[in-house]
Amino acid sequence: MKLVSLVVPVYFEEACILRFIEEVDAVFSLLKERYQHEYIFVDDGSRDNTVGLIKKAALTNTHIKLIELSYNHGKQLAVTAGITYAKGDYLLYMDPDLQDPPDEIPRFIEEIEKGFDLVFGKRQEKKDSFINVVLSGLFWWVLDKFTGLNIPKGIAVMRIFNRRFAASFLKYNEQSRFIEGMFMHIGLKQTTLEIKQRERFAGVSKFNFNRKMKLAFDAIFDFSEIPLKMAVRLGFYLMFSAFFALITIVVLRLFFIQFQLGWPSIIITIIGATGILLFFIGLAAIYIGKIYKEVKARPLFSIKEMTNFYE
Ligand code: UDP
Ligand code: MG
């Protein structure tokens, strides 16, 4: 009998959570000859009735375990907390909003049983607004160019991985966590599985434009040093061209044209140079900020309460 842990971050999901448990339980009742399941719900500081509903369900449903973080840590850390406490042979990470349908679970299990360490869900098509499709397309394109992580296109949240993979994941102690990038960085034997996605069952998406942008920047600065190298390269070219421009002007002035060197060019040079300097100092500052955050090596999450964990 193998144990499958469902690692599920929840944040204001009172509208979805019971339906989610119902659908997943139904799936596992068909698999019960060979697989047991446990839910590792990680509440990320919801202030609605999400926790109340889960705790109530946990009284009768022994599969349910709940970790309550003491405040909103962000999805990436909530997932990390869940993976830390999941005991399963396989860990299945999915959102409770039913965008990734639980009926796909048996296919994921079947696939990972073939000997993979990680099976990523891949959406056939994403149901989303036009602007979101464009923005996320742009994001994945930039990410691909900047980090070389080769994250599969159209990756879904739903994925399953084994103990070995989870153990590798838990060795990553970095504070700012772009999970998809970390998963690729772990490597091992990975594959993808096409799934049909549904609309969010109820409730609203918590990822507004600002949060998405923050994630995008984290992703790029966490996994790429290209912005730093760009600074060095551009600086080098600028120095070189300035040197040649200087020689050209001197030669022109001495032998060919008697022109008056004007203020405008000087002012423009000063402004331009200052701008470039500031820009790249800023870039460097971003990395320094990240280093500062990492060297503090704070604990990744703070737990308020744990329900149904016995050890
Ligand atoms: N979530 C979380 N902490 C947050 C924001 C979201 O744990 O600060 C969870 C949320 O409950 C959901 C998942 O992350 O399970 C994905 O969020 P959502 O469905 O709102 O995002 P979308 O699918 O629209 O990208
Ligand atoms: Mg969602």
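Residues numbered from 1 in each chain as written. Chains lettered and ligands numbered in written order. Predicted model: local features only at pLDDT ≥ 70, side-chain atom pairs only at ≥ 80, totals over all residues. Heavy atoms only, no water.

Enquirer: Mind laying out the site of ligand 1, listing which residues take part and the relevant values?
Expert: In the vicinity of ligand 1, 17 residues are found, and the nearest of them are Asp44, Asp97, Ser205, Lys206 and Arg211. At a separation of 2.9 Å, an oxygen atom of ligand 1 approaches a polar side-chain atom of Glu13. At 2.5 Å, a side-chain N or O of Asp44 approaches a nitrogen atom of ligand 1. Relative to its free-state accessible area of 520 Å², ligand 1 is covered by the protein chains to the extent of 90%. Among the residues forming the shell around ligand 1, the class breakdown is 5 nonpolar, 4 polar and 8 charged. (Near = heavy atom within 4 Å. Polar contact = N/O pair within 3.5 Å; in protein donor to acceptor, adjacent residues only side chain to side chain. Areas by Shrake-Rupley, 256 points an atom, 1.4 Å probe, with all protein chains shown as cover. Nonpolar A, V, L, I, M, F, W, Y, C, P; charged D, E, K, R; others polar.)

Enquirer: Requested: an account of the nonpolar core, with residues and values cited.
Expert: Residues Ile83, Phe161 and Phe183 are the most contacted members of the largest nonpolar core, which totals 38 residues. Once residues within four sequence positions are removed from consideration, Ile83 is found in contact with Val7, Leu91, Phe161, Ala166, Phe169 and Leu170. One finds Val24, Phe41, Leu92 and Ile109 within the second-largest nonpolar core, a separate group that totals 35 residues. (Core = buried A, V, L, I, M, F, W, Y, C linked by side-chain atoms within 4.5 Å. Buried < 20%, exposed > 50% of the residue type's maximum accessible area, 1.4 Å probe, protein only. Contact = heavy atoms within 4.5 Å.)

Enquirer: Describe helix α7 (residues 179–186), naming the residues involved and giving the relevant values.
Expert: Taken across its 8 residues, α7 has 7 buried, putting it largely inside the fold. Among the residues of α7, those classed as buried are Ile179, Glu180, Gly181, Met182, Phe183, Met184 and Ile186. Positive phi appears at Gly187, one or two residues downstream of α7, with a value of about 75°. (Helix = DSSP H or I, 4+ residues; strand = E, 2+ residues; numbered from the N terminus.)

Enquirer: Account for the pairing of strand β2 (residues 35–43), with residues named and values stated.
Expert: The buried fraction of β2 amounts to 8 of the 9 residues, a majority that puts the element mostly inside the structure. In this fold, the crossover linking strand β1 (residues 2–10) to β2 by way of helix α1 (residues 17–31) has right-handed handedness. Two strands pair when backbone bridges link them, and β2 and strand β3 (residues 64–69) are joined in this way by 5 bridges, in the parallel orientation. Counterpart to Ile40 in the pairing with β3 is Lys65. In this region the chain leaves β2, passes through helix α2 (residues 50–60) and returns to the parallel neighbour β3; the handedness of that crossover is right-handed. (Right-handed = clockwise from strand over helix to strand, strands pointing away. Pairing = 2+ DSSP bridges.)

Enquirer: An account of the coordination of the magnesium ion (ligand 2) is requested, with residue identities and associated values reported.
Expert: The protein atoms that coordinate the magnesium ion (ligand 2) are Asp97 (OD) and Gln99 (OE1), at distances spanning 1.9 to 2.1 Å. The class for Gln99 is partly exposed, based on a relative accessible area of 29%. (Donors = N, O, S within 2.8 Å, 3.2 Å for Na, K, Ca; no water.)

Enquirer: Which residues make up the packing of aromatic side chains, and what values go with them?
Expert: This structure, assessed with the given rule, holds 10 aromatic pairs. Measuring from ring centre to ring centre gives 5.5 Å for Phe161 and Phe165, while their planes differ by 50°; the resulting arrangement is tilted. The pair formed by Phe161 and Phe165 is uniform in burial state, with each residue classed as buried. Here the aromatic rings of Phe165 and Phe183 are separated by 5.1 Å at their centres, their planes lie at 65°, and the arrangement is edge-to-face. (Phe/Tyr/Trp six-rings, centres within 6.5 Å; stacked < 30°, edge-to-face > 60°.)

Enquirer: I'd love a proper account of the environment of Leu283, names of residues and values included.
Expert: Within the fold, Leu283 resides in helix α10 (residues 263–296). For Leu283, a relative accessible area of 9% gives the class buried. C-alpha of Leu283 to C-alpha of Tyr11: the two residues are 272 residues apart in sequence and 33 Å apart in space. Setting aside residues no more than four positions away along its own chain, Leu283 makes contact with Phe221 and Pro227.

Enquirer: Quick one: what's the story with empty space enclosed by the protein, residue by residue and with numbers?
Expert: Per the counting criterion, the structure on display carries 1 cavity of 30 Å³ or more. Of the volumes computed, that of the largest cavity is approximately 60 Å³. Along its surface, the largest cavity is lined by Trp140, Leu143, Asp144, Thr147, Leu149, Asn150, Ile151, Pro152 and Lys153. Taken together, the residues that form the lining of the largest cavity break down as 5 nonpolar, 2 polar and 2 charged. (1 Å grid on protein atoms, 1.4 Å probe; cavity = no way out; pocket = protein on both sides within 12 Å on 5 of 7 lines; lining within 4 Å. Points joined across faces, edges and corners; volume = space filled by probe spheres on them.)

Enquirer: Give me the lowdown on the sheet that holds β3, citing residues and values where you can.
Expert: One open sheet holds the 8 strands; their spatial order is β7-β5-β6-β4-β1-β2-β3-β8, and the pairing between them is mixed. Each edge of the sheet is formed by a strand with only one pairing partner; in this case those strands are β7 (190–195) and β8 (303–307). The average angle at which neighbouring strand axes cross in this sheet is 20°, direction not considered. Summarising the sheet, strand β5 (residues 118–123) and strand β6 (residues 155–162) pair through 4 bridges and their orientation is antiparallel. Opposite Lys122, over in β6, you have Ile155 as the bridge partner. Along the sheet, helix α3 (residues 75–85) makes contact with β1, β2, β3, β4 (90–93), β6 and β8, crossing β1 at roughly 155°. Here α7 sits on the sheet in contact with β5, β6 and β7, set at roughly 40° to β6. (Axes fitted to C-alpha atoms, helices over the stretch in contact; angles between N-to-C directions.)

Enquirer: How would you summarise the pattern of salt bridges if you had to cite specific residues and measurements?
Expert: Here the structure, examined in full by the defined rule, presents 12 salt bridges. Lys2 is paired through a salt bridge with Glu113; the nearest N and O atoms lie 3.2 Å apart. Of this pair, Lys2 sits in strand β1 while Glu113 sits in the loop between α4 (105–112) and β5, and the two are 111 residues apart along the sequence. According to the relative accessible area criterion, Lys2 is partly exposed, its value standing at 31%. Note on Glu113: relative accessible area 28%, which makes it partly exposed. (Salt bridge = Lys/Arg side-chain N within 4 Å of Asp/Glu carboxyl O.)

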